[in-house]
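Descriptive structure summary
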Amino acid sequence: MDLRYPLGKLQVPKKVTLENIEEWLKEIETYTIRLRETVDSLSDEELSRTYRDGSWTVRQLVHHIADSQLNMYQRLKLALTDENPTVPAFDQEKWAIQPDTKLPIESSIKMLEGINERIVSLGYSLTEEQLDRAFTHQKNGKITVATKVAKLAWHEEHHLAHIKIALSK
């Protein structure tokens, strides 16, 4: 198994349906419960573990998940409200070492609870037509609403798998 992608890389169906969206939203809806079950009672030593040499710690992963969902949620909203807006990339490595990543992970879990609630609410209101709306990422090019919802779900699960690998060591 490639520890960088324990679930494999993001796979999005050629034609995304509202049923696909609903499946992904169900994952997002229950994510913070599953994350809490995994990280709530961890010691400082456990929060400092990594899933591979040179990777982020469990603490950094939890903060990264919140940072990333925040950025992706904003991109989703922009795609739905603007005509193909261009969005900047964010430097994940620099975000991962900012002073706020030393805070207890509870702050990021609370943030995720709110962001995910908003993502799910917005997601359930999507129409077939809106799935094809898009934004242009500075580095990755055109990304549709459908692909962004898929990534919102996959990304959280991807990092939960990293956390579980780190804790199994």
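Rules used in this analysis
- Residues numbered from 1 in each chain as written.
- Predicted model: local features only at pLDDT ≥ 70, side-chain atom pairs only at ≥ 80, totals over all residues.
- Heavy atoms only, no water.
- Salt bridge = Lys/Arg side-chain N within 4 Å of Asp/Glu carboxyl O.
- Buried < 20%, exposed > 50% of the residue type's maximum accessible area, 1.4 Å probe, protein only.
- Pairing = 2+ DSSP bridges.
- Helix = DSSP H or I, 4+ residues; strand = E, 2+ residues; numbered from the N terminus.
- Contact = heavy atoms within 4.5 Å.
- Axes fitted to C-alpha atoms, helices over the stretch in contact; angles between N-to-C directions.
- UniProt positions renumbered as here; feature names shortened; annotations may be inferred.

A few words now on the pattern of salt bridges. Inspection of every chain in the model, using the stated rule, returns nine salt bridges. Salt-bridge contacts for Glu45 lead to Arg49; the nearest nitrogen and oxygen are separated by 3.1 Å. With a relative accessible area of 47%, Glu45 lands in the partly exposed category. Taken together, the shared-partner salt bridges connect Arg36, Asp40, Glu106 and Glu113 into one network.

The strand order β1-β2-β3 describes an open sheet built from three strands, whose pairing is mixed. Single-partner strands in this sheet number two, and they are β1 (86–87) and β3 (141–144). The sheet contact formed by strand β2 (residues 134–137) and β3 spans four bridges and is antiparallel. Opposite Ala134, over in β3, you have Thr144 as the bridge partner. Contacts between helix α6 (residues 145–168) and the sheet are confined to β2 and β3, with β3 contributing the most and set at about 80° to the helix.

Right, let's talk about the UniProt feature "domain: DinB-like" (unreviewed entry) in the chain for a bit. The UniProt record annotates "domain: DinB-like" (unreviewed entry) at residues 34–163. The annotated region residues 34–163 carries 58% helix and 8% strand content, and the separation between its end C-alpha atoms amounts to 12 Å.

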